[in-house]
Amino acid sequence: MATSKRERQKTARREKLAQQQRAAQRRRNLRRGVIAAVVAAVVIATGALLFAGGSGPSATTTTIASTLGTTTTSAPVSTTTTKPVTFAPVAQPSPAGTFGKAPTVIVPSGTPPTSLQVSDLIPGSGPGAKNGDKLKVQYVLATYSSHKVVQSSWTSQPFTLTLGAGTVIPGWEYGLVGMKAGARRELIIPPALGYGSVAQGPGIAANDTLVFVVDLLKLN
């Protein structure tokens, strides 16, 4: 009987210990499940925030200004597309001279104009030049900074351009419109329609005002 009782007690203790171990295992499993759920929720929430944050623009769009070209006897490179508001005649025009011979250019006295000035010194004939037309010209350039001639195609060869193609400064693009073959035209071009704030070599300063006299030899 004693042996049977002791065995029953041992068996009861083993069963109780096993129950305690199973209960402890259930508690550990429960804790692991809770921790895994919390971690999963954090990961999901973080991913949602990152996705929402990355759906919009990530950088501010910037505008890069065009590089100014250098001058040559083949006329200046286009630097802006701003259309002039006014189109006044030249207040103090140069002498008309003789078409086909190099002109005399006189830089007006006083403060340079702030808008494009255009005058025909010698009228031409036929249709007026328009965008898309090919022009063959001779020109002389003087500047307000130097008060003298600094360029002349008459010392080399005539220059050919297509009006409106953007290959010359805006002062030419606008100022030569309507010019007729055989005409001599004077253009006084402010910096905004010329070379702007960048000097272009001897005689052409930064923010210079340009004085051109142009002969239109041929219009196609």
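Residues numbered from 1 in each chain as written. Predicted model: local features only at pLDDT ≥ 70, side-chain atom pairs only at ≥ 80, totals over all residues. Heavy atoms only, no water.

1. A short note on the pattern of salt bridges
Part 1: According to the stated counting rule, one finds three salt bridges in the structure shown.
Part 2: In this structure, Asp 120 and Arg 185 form a salt bridge, with 2.7 Å as the shortest nitrogen-oxygen distance. Placement of Asp 120 in strand β1 (residues 117–122) and of Arg 185 in strand β5 (residues 184–189) is noted, with a sequence separation of 65 residues between them.
Part 3: We classify Asp 120 as partly exposed; its relative accessible area is 42%.
Part 4: For Arg 184, the salt bridge goes to Asp 215, with nearest N and O atoms at 2.6 Å. Linking Arg 184 in strand β5 with Asp 215 in strand β6 (residues 210–219), this pair joins segments that are 31 residues apart in sequence. You'll find Arg 184 and Asp 215 in the same group, each marked buried. (Salt bridge = Lys/Arg side-chain N within 4 Å of Asp/Glu carboxyl O. Helix = DSSP H or I, 4+ residues; strand = E, 2+ residues; numbered from the N terminus. Buried < 20%, exposed > 50% of the residue type's maximum accessible area, 1.4 Å probe, protein only.)

2. Structural notes on the environment of Thr 114
Part 1: For Thr 114, the position within the fold is in the loop between α1 (2–54) and β1.
Part 2: Taking C-alpha positions, Thr 114 is 8.2 Å from Ile 189, a pair spaced 75 residues apart along the chain.

3. Topic: the pairing of strand β4 (residues 159–162)
Part 1: Going residue by residue along β4, you find Phe 159 and Leu 161 tucked away on one face and Thr 160 and Thr 162 left uncovered on the opposite face.
Part 2: The pairing of strand β2 (residues 134–143) with β4 spans four bridges and is antiparallel. From the neighbouring strand, Val 137 faces β4, where its bridge partner is Phe 159. (Pairing = 2+ DSSP bridges.)

4. Side note on the packing of aromatic side chains
Part 1: Counting across every chain of the model gives four aromatic pairs.
Part 2: Taken together, a centroid distance of 5.3 Å and an interplanar angle of 85° make the contact between Tyr 139 and Trp 172 edge-to-face. Within this pair, whereas Tyr 139 is found in strand β2, its partner Trp 172 is found in helix α2 (residues 170–175), the two being separated by 33 residues in sequence.
Part 3: The class of Tyr 139 is buried, set by a relative accessible area of 0%.
Part 4: Between Trp 172 and Phe 212, the aromatic rings sit 5.3 Å apart at their centres with planes inclined by 80°, giving edge-to-face as the arrangement. (Phe/Tyr/Trp six-rings, centres within 6.5 Å; stacked < 30°, edge-to-face > 60°.)

Purely spatial values, then, with no claim about function.
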